[in-house]
Each structure stands twice: as structure tokens, then as C-alpha cells.
Amino acid sequence: MTATLAEPTPAATPVAVHTGPKQASAWRLYASELRWILRRPRTIVALVLMSLVPIALGIGVTVIGGSMPGRGPGMIMAAVGNGMVLPLAALTISMTMLLPLVATMSAADALAGEASHGTLRGLLIAPVSRVRLVAVKAAGVATVIVIAVSLISLLGMLTGVIIVGGTEVVSISGTTLPIGEAIGKIGLATGWAAFQMMALAAIALAVSALTEHPLVVLAATLGGLIVVQVLGAIPGMEWLQPYLLPNGWTAVADVLRDPMPWDGLLDSTAKAACYLVIGLSLTFLRMSTKDG
């Protein structure tokens, strides 16, 4: 009887298991989003206009301010011969409409603009989670806001020192602050203003997630902002005014006081944080069910 030898079993070949498409890193998505944002002509035009605000204000303060002592808005007149106040005055003026326009325009382009061009559907079916997509879009909008506000502050300081003159800040309280403390106050006001605009942009982003028309976002957000500002000026609406976001924007003037009161700045920051959370939450909720 012949013994049958068992054939050797071939070694098992490892089989690659595909668990799904690999997701792109958050930094790569953010860099791609930022390149796309900064290439838009309207973004470039908006940033150029923001840069012109402190320059135009500095020229106006120098040419006209000296001949009109004690007349005009307080923050602007405080910049006469007091160059380091110029960036604060430029921020105050820009927050009335120009910075809200930039924030709203960026939020409108982020989602509604993509939907109108048909590219949002491709992003929604890409191997990227909805949470990450919204986070990247929000980060792109926040970056544009930070750039715009920083341009106003930096060019405001340069214009103030070169055109208006003065490297110290004379506070509203009448004290003179050294250059180091002045720069610190300007930095604080810059960060505060950027956060206020991010809160407004979060609301605009929520509206942007509901429509495919960027102009609807602009009309709804800026129109609502105007209505809110009108309500804030009506004496009989005192009960509503503490809840209105623009009602705290006048707190930027507290930066020029010595000692500086923190109540208005902290209250407006807490209010902006609430609007930011509400806006982003509504955006995440909508985008989690949106099919393009």
C-alpha cells in the first residue's frame, strides 16, 4: 500500500480590506478652502475696501478734524492729533455695516454660493463627514473676518503714526497711555471685533445652509441687522435690547477708558458666544440632512 503524502498548503495571501474611502485631513481641506476663498474677486475687493477705511479716515481727520474741534463723533474726534486711536475709530465705523457685509458675504459664498454653482452636492457626497465640512467652511469664513479686521487695525496704526501723528494714546479719562499699552488695547479691540463678526457670520451661515441663493443670505442677514439696530434705538424696547447682538458693539469705546471697564466687553462677548453656538448648531443640523 502506497502512502499518500499530503500536499503542502500554500501560505495564505493577505487580502486588503477596504473599509471605505480615506478621508482627507482637516488641514488639507482648510488649505484648499482658503485658497478658493482668497481667489474670489469679491473677497479681494472687500479686503481692499477694508484697507482703505483707516487710510481715508486718517486723511479726513488730518485735513478736516483740526478745523472742527469738538465736533463730530466722539471716537473720530478723539483721533485728532492722537494717531493710535485711529484703528479703534476705524473699527467702530466699520462695524456699523462694512465688516458685517464682509462677514455675511463670506458666509453666503461658503454654502449658498457653492449650492448655486452645483459644487455643494459634490462636497456632500465626497468622503468627508458633514461635521468636518461645516467646520472647514466656518473656519474659512472666520479667517476672512480675521484678515479684514487685522488689516483695519494694522493699517490704522500705520496711518495714525505717519499721517495723524502721535505714538501715545490719550484716553477718554484724560490719561496718557504708553505705546506698549496702546498696542495691547488695540489688539484687544481687534480680537473682540473679530469675535463679534464671527457671531454674525454664524447666523448668516445658518441662513446660507437653507438656500441656494447668496443674495437671499445677504438680504436676510443685513436686513435683519438693520431691523435689530432700529429696535435697539427705540426707547420702548428696553426689555429686548440686552438680547440684541449689535447692542453691545458700542463697548469698544471702553478700551479707551483708564481704568478700562470690563463689564460691557465681557457681556457683549458672552452674547456673541451664544449667537455663535446657535448659528453653528443650526448649520450642522441642516447640513446633516441636506442632500445637495
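Whatever comes next refers back to the structure up there.
What counts, and where the lines are drawn
Residues numbered from 1 in each chain as written. Predicted model: local features only at pLDDT ≥ 70, side-chain atom pairs only at ≥ 80, totals over all residues. Heavy atoms only, no water. Patch = residues over 30% accessible without salt bridge, like charges linked within 9 Å, V, L, I, M, F, W, Y side chains within 5 Å. Areas by Shrake-Rupley, 256 points an atom, 1.4 Å probe, with all protein chains shown as cover. Salt bridge = Lys/Arg side-chain N within 4 Å of Asp/Glu carboxyl O. Helix = DSSP H or I, 4+ residues; strand = E, 2+ residues; numbered from the N terminus. Phe/Tyr/Trp six-rings, centres within 6.5 Å; stacked < 30°, edge-to-face > 60°. Axes fitted to C-alpha atoms, helices over the stretch in contact; angles between N-to-C directions. Parallel < 35°, antiparallel > 145°, perpendicular 65-115°, else oblique. Left-handed = near helix turned anticlockwise from the far one by under 90°. Contact = heavy atoms within 4.5 Å. Nonpolar A, V, L, I, M, F, W, Y, C, P; charged D, E, K, R; others polar.

Caption draft 1: Structural context of a nonpolar patch on the surface. A grouping of Ile59, Val63, Leu158, Val161, Ile162 and Ile163 is seen on the molecular surface, where their side chains present a nonpolar patch of about 560 Å² in accessible area. Within the residue set of the nonpolar patch, elements represented by two or more residues are α2 (41-63) and α7 (130-164). In terms of residue count, the dominant contributor to the nonpolar patch is α7 (four residues). Position of Val63 relative to the elements: it lies in helix α2.

Caption draft 2: Just the packing of aromatic side chains, in detail. A complete count under the given rule lists one aromatic pair for this structure. Relative to Tyr30, the ring of Trp27 has its centre 6.2 Å away and its plane inclined at 80°; by these criteria the two rings are edge-to-face. Taken together, the positions of Trp27 and Tyr30, both in helix α1 (residues 26-38) and three residues apart, correspond to about one turn of that helix.

Caption draft 3: A look at the packing of helix α8 (residues 179-208) against helix α9 (residues 214-233). Where α8 contacts α9, the two axes come as close as 9 Å, and the packing angle between them is 140°. By the angle between their directions, the pair α8 and α9 is classed as oblique. For the pair α8 and α9, the sense of crossing is right-handed. Here α8 contributes Leu200, Ala204, Val207 and Ser208 to the contact with α9, which in turn contributes Val217, Ala220, Thr221 and Leu225. For the contact of α8 with α9, a count of residues per class yields six nonpolar, two polar and no charged.

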